[in-house]
Amino acid sequence: MIRDEPTGNSEIDPRVNSAGTTAMAVLLFAVAMLLGATIYAVGQSADRFRWETFRSGAFVFLILLAGTAVAGLAMTLLLKAMYTISPMSMRMASERRRLNKARRRAMKTIHRRHELQEEQARITAMLQASYLYEKESARIGNSQALKEFRKALQTGVVNSCEIVFEHLNRTVEQYEQVVDEIEKSSLESSEKTELLDQLNRQLNVAGLDQRHRTTQRMMEDAIWRVRLQKARKMARRDSAAAIKYLNSVRGPDTSHRILIQINALLKDLQSPE
C-alpha cells in the first residue's frame, strides 16, 4: 500500500527559493552594470560629458538597487521564518485576508448592482413618460390638457420610482444578510471565500449594465421615432413650427446617430419645394 507523502514535502525547498533570489539579484546587478556601461559609452561620444555627474548618478542608483534587494531579501527571510515557526497561523491569516477581500468584493458588487438598478428604474420611468408625452402631444391640441397630462405623468414617474426603490432596498438588505450569514457561519475560511465569490459572480453587474444600456437605447429610439413623426405631421401645417420643435428637442446629449436623422429631416424641411 502506497502511503501519502506529508504535505510539507510538496512545498518548495527554501534552498531553492534562496538560490532563485540570489540568481535574480546577480541578474539585476549585471543588467545595471551593462546599462551603466552603455550610458557611459554613449556619453563619451557626446560633447560636455562629465564623469563626476555620471558616477554620482550611478552610485545613487546602485544604492537604491541594493537597498531594494536587501529589503526584498529581508521580507522573504522574515516570511519564511514565520512560516517555519507557525505555519498554521500564517495559513489562517492568509485565508482570512482572502476572506476579507472576497467580502469587500461582494459588498461592492451588491451596492453597485443596487445603484445600476435604481438608475435603470429611474431612466426607464422617465423614458416611458417622455414616450407617452410625445405620443399624446401630437393628438392633444389643448395646451391646458397637455399640461395636466404632463403633471400626471410626472406624478406617475415619482410613484413608480418610489415603489421600485423600496423593493430594491429590501433586496439589498437580503443580499447583505446572506453575506453576514456566510461570514458568521462555522465553515472554513476557504469555504466562506468560495461562497462569497460565487455570490459575486451571480450578481453579474457587467451583464446588468449591458442590458441597461441596451434597454435605454431601445426606448430612446422609440421616443425619437415618435418625435420625428410628430415633426413631419407638424410640417404639413407649418414648416417653421416643425423646425423650431426639432431644434428645441435636440440636446447636447443626443447621440450622433439621432443627430443624423434630425439634420436630414431639417434639411428636407428647409429646402424649397
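Above this note sits the structure.
All figures in this text were calculated on a predicted structure; none of them were measured in a lab. (Residues numbered from 1 in each chain as written. Predicted model: local features only at pLDDT ≥ 70, side-chain atom pairs only at ≥ 80, totals over all residues. Heavy atoms only, no water.)

### Re the overall build of the protein chain
Right, on to step 1. Helix and strand counts for the protein chain come out as 8 helices and 0 strands.
Right, on to step 2. Written out in order from the N terminus, the α and β elements of the protein chain read α-α-α-α-α-α-α-α.
Right, on to step 3. With 273 residues in all, the protein chain has 26% of them scored as buried. (Helix = DSSP H or I, 4+ residues; strand = E, 2+ residues; numbered from the N terminus. Buried < 20%, exposed > 50% of the residue type's maximum accessible area, 1.4 Å probe, protein only.)

### Points about the nonpolar core
Right, on to step 1. Grouped together as the largest cluster of nonpolar side chains are 15 residues, with contacts concentrated most on Y245, L246, I262, L265 and L269.
Right, on to step 2. For this core, the secondary structure elements donating two or more residues are α6 (205-237), α7 (239-249) and α8 (256-270).
Right, on to step 3. In contact with Y245, other than residues within four places in its own chain, are E134, R227, K230, A231 and M234.
Right, on to step 4. Core analysis: the second largest hydrophobic core is formed by 11 residues, A106, V172, L199 and L203 among them. (Core = buried A, V, L, I, M, F, W, Y, C linked by side-chain atoms within 4.5 Å. Contact = heavy atoms within 4.5 Å.)

### Some thoughts on the packing of aromatic side chains
Right, on to step 1. All chains considered together, the criterion is met by 0 aromatic pairs.
Right, on to step 2. Directly above the ring of W224 sits R227, whose terminal nitrogen or CZ lies 4.8 Å from the centroid. (Phe/Tyr/Trp six-rings, centres within 6.5 Å; stacked < 30°, edge-to-face > 60°. Lys NZ or Arg CZ within 6 Å of the ring centre and 35° of its normal.)

### Here we look at the pattern of salt bridges
When charged atoms on two side chains of opposite charge get close, those side chains can pair.
Right, on to step 1. What the rule picks out here adds up to 9 salt bridges.
Right, on to step 2. Note that R105 and D197 form a salt bridge whose closest N and O atoms lie 2.9 Å from each other. One end of the pair, R105, is in helix α3 (residues 87-137); the other, D197, is in helix α5 (residues 189-203), and 92 residues separate them in sequence.
Right, on to step 3. The partly exposed category is assigned to R105, whose relative accessible area is 38%.
Right, on to step 4. Salt-bridge contacts for R257 lead to D221; the nearest nitrogen and oxygen are separated by 2.9 Å. Linking R257 in helix α8 with D221 in helix α6, this pair joins segments that are 36 residues apart in sequence.
Right, on to step 5. Given the relative accessible area of 19%, D221 is considered buried. (Salt bridge = Lys/Arg side-chain N within 4 Å of Asp/Glu carboxyl O.)

### What to know about the packing of helix α4 (residues 143-184) against α5
Right, on to step 1. Across the interface, α4 lies against α5 with an axial gap of 9 Å and an inter-helix angle of 165°. By the angle class used here, α4 and α5 are roughly antiparallel. The way α4 lies across α5 gives a crossing that is right-handed. Between α4 and α5, the residues in contact are Y175, V178, V179, I182 and E183 and K192, L195, L196, L199 and L203, respectively. (Axes fitted to C-alpha atoms, helices over the stretch in contact; angles between N-to-C directions. Parallel < 35°, antiparallel > 145°, perpendicular 65-115°, else oblique. Left-handed = near helix turned anticlockwise from the far one by under 90°.)

### Some details on the packing of α7 against α8
Right, on to step 1. Remark: α7 packs on α8, axes separated minimally by 10 Å, with the N-to-C direction vectors making an angle of 160°. Of the possible angle classes, the one that applies to α7 and α8 is roughly antiparallel. In terms of crossing hand, the pair formed by α7 and α8 is left-handed. Contacts between α7 and α8 involve S239, A242, I243, L246 and N247 on the former and, on the latter, I262, L265, L266, L269 and Q270.
Right, on to step 2. Looking at the contact of α7 with α8 residue by residue, the class counts come to 7 nonpolar, 3 polar and no charged. (Nonpolar A, V, L, I, M, F, W, Y, C, P; charged D, E, K, R; others polar.)

### Quick look at a nonpolar patch on the surface
Right, on to step 1. A surface patch of nonpolar side chains, about 370 Å² in accessible area, is lined by M24, L27, L28 and V31.
Right, on to step 2. If you trace the backbone, L27 turns up in helix α1 (residues 14-44). (Patch = residues over 30% accessible without salt bridge, like charges linked within 9 Å, V, L, I, M, F, W, Y side chains within 5 Å. Areas by Shrake-Rupley, 256 points an atom, 1.4 Å probe, with all protein chains shown as cover.)

### Here we look at α7
Right, on to step 1. Within the span of α7, buried status applies to A242, I243, Y245, L246 and V249. Buried residues of α7 fall within an arc of 160° about the axis and therefore sit on the same side. Across from the buried face of α7, at angles greater than 90 degrees, the exposed residues are A240, K244 and S248.
Right, on to step 2. Between a side-chain oxygen at the N-terminus of α7 and the backbone nitrogen of A240 the separation is 3.1 Å; the capping residue is D238. (Arc of directions from axis to C-beta. Polar contact = N/O pair within 3.5 Å; in protein donor to acceptor, adjacent residues only side chain to side chain.)

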